[in-house]
Amino acid sequence: MDAVHRMNQTDEGYQVKISADNVAIFVFLETYIEGIFSENGFMMTEKDKIVEFYPRMETNSRILLGSIEITSISDTYDVFSGWKMYWERKIGKIRQNIQ
């Protein structure tokens, strides 16, 4: 995931604009500020997305902007290790069939 690019204050909270260069699966937004996001754990298929944040404590856009962490499944998955495990299993099955 890239980053939070813009934040606008609304009557109920904040509009948070996030951007991604590619499709992102299971995008999670986190902050230490008590509150909820209108969406979380979503798939991002567009370059930009706006999500609402409804704080349950006093904050401002500068503090909120600096506190948001964005994670997607690609941030938690090591592609090389995944392929390595795949081929080890595949080779193991081939070896079993040969014996």
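Refer to the preceding data block for the structure.
Report follows, based on the coordinates. (Residues numbered from 1 in each chain as written. Predicted model: local features only at pLDDT ≥ 70, side-chain atom pairs only at ≥ 80, totals over all residues. Heavy atoms only, no water.)

### Side note on the overall build of the protein
So, point 1. Of regular secondary structure, the protein possesses 3 helices and 7 strands.
So, point 2. Taken from N to C terminus, the helices and strands of the protein fall in the order β-β-β-β-β-β-α-β-α-α.
So, point 3. Looking at the protein as a whole, 25% of its 99 residues qualify as buried. (Helix = DSSP H or I, 4+ residues; strand = E, 2+ residues; numbered from the N terminus. Buried < 20%, exposed > 50% of the residue type's maximum accessible area, 1.4 Å probe, protein only.)

### Some remarks on the sheet that holds strand E4 (residues 35-37)
So, point 1. Spatially, the 4 strands line up as an open sheet ordered E1-E2-E6-E4, and their pairing is antiparallel. Two strands lie at the open edges of the sheet, namely strand E1 (3-9) and E4, each paired on one side alone. Pairwise comparison of adjacent strand axes, ignoring direction, gives a mean angle of 25° for this sheet.
So, point 2. In this sheet, strand E6 (residues 48-55) lies alongside strand E2 (residues 14-19) in antiparallel orientation, the contact comprising 6 bridges. Across the sheet, Ser19 pairs through a bridge with Asp48, a residue of E6. (Pairing = 2+ DSSP bridges. Axes fitted to C-alpha atoms, helices over the stretch in contact; angles between N-to-C directions.)

### Observations regarding the packing of aromatic side chains
So, point 1. For the coordinates displayed, the defined rule picks out 1 aromatic pair.
So, point 2. The residue whose ring lies beneath Lys49 is Phe42, and the NZ or CZ to ring-centre distance is 5.0 Å. (Phe/Tyr/Trp six-rings, centres within 6.5 Å; stacked < 30°, edge-to-face > 60°. Lys NZ or Arg CZ within 6 Å of the ring centre and 35° of its normal.)

### Some points on the sheet that holds strand E3 (residues 24-30)
Strand pairs in the sheet, formed through backbone hydrogen bonds, run parallel or antiparallel to each other.
So, point 1. Within the open sheet, the 3 strands sit side by side as E5-E3-E7. Their pairing is antiparallel. Across the chains shown, the open sheet's two edge strands, defined by having one partner strand only, are strand E5 (42-44) and strand E7 (69-71). Within the sheet, the average angular offset between the axes of one strand and its neighbour, ignoring direction, is 40°.

### A short note on unusual backbone geometry
So, point 1. The residue Phe26 is not glycine, and still its phi comes out positive at about 55°.
So, point 2. Within the secondary structure, Phe26 sits in strand E3.
So, point 3. Given a relative accessible area of 45%, Phe26 falls into the partly exposed group.

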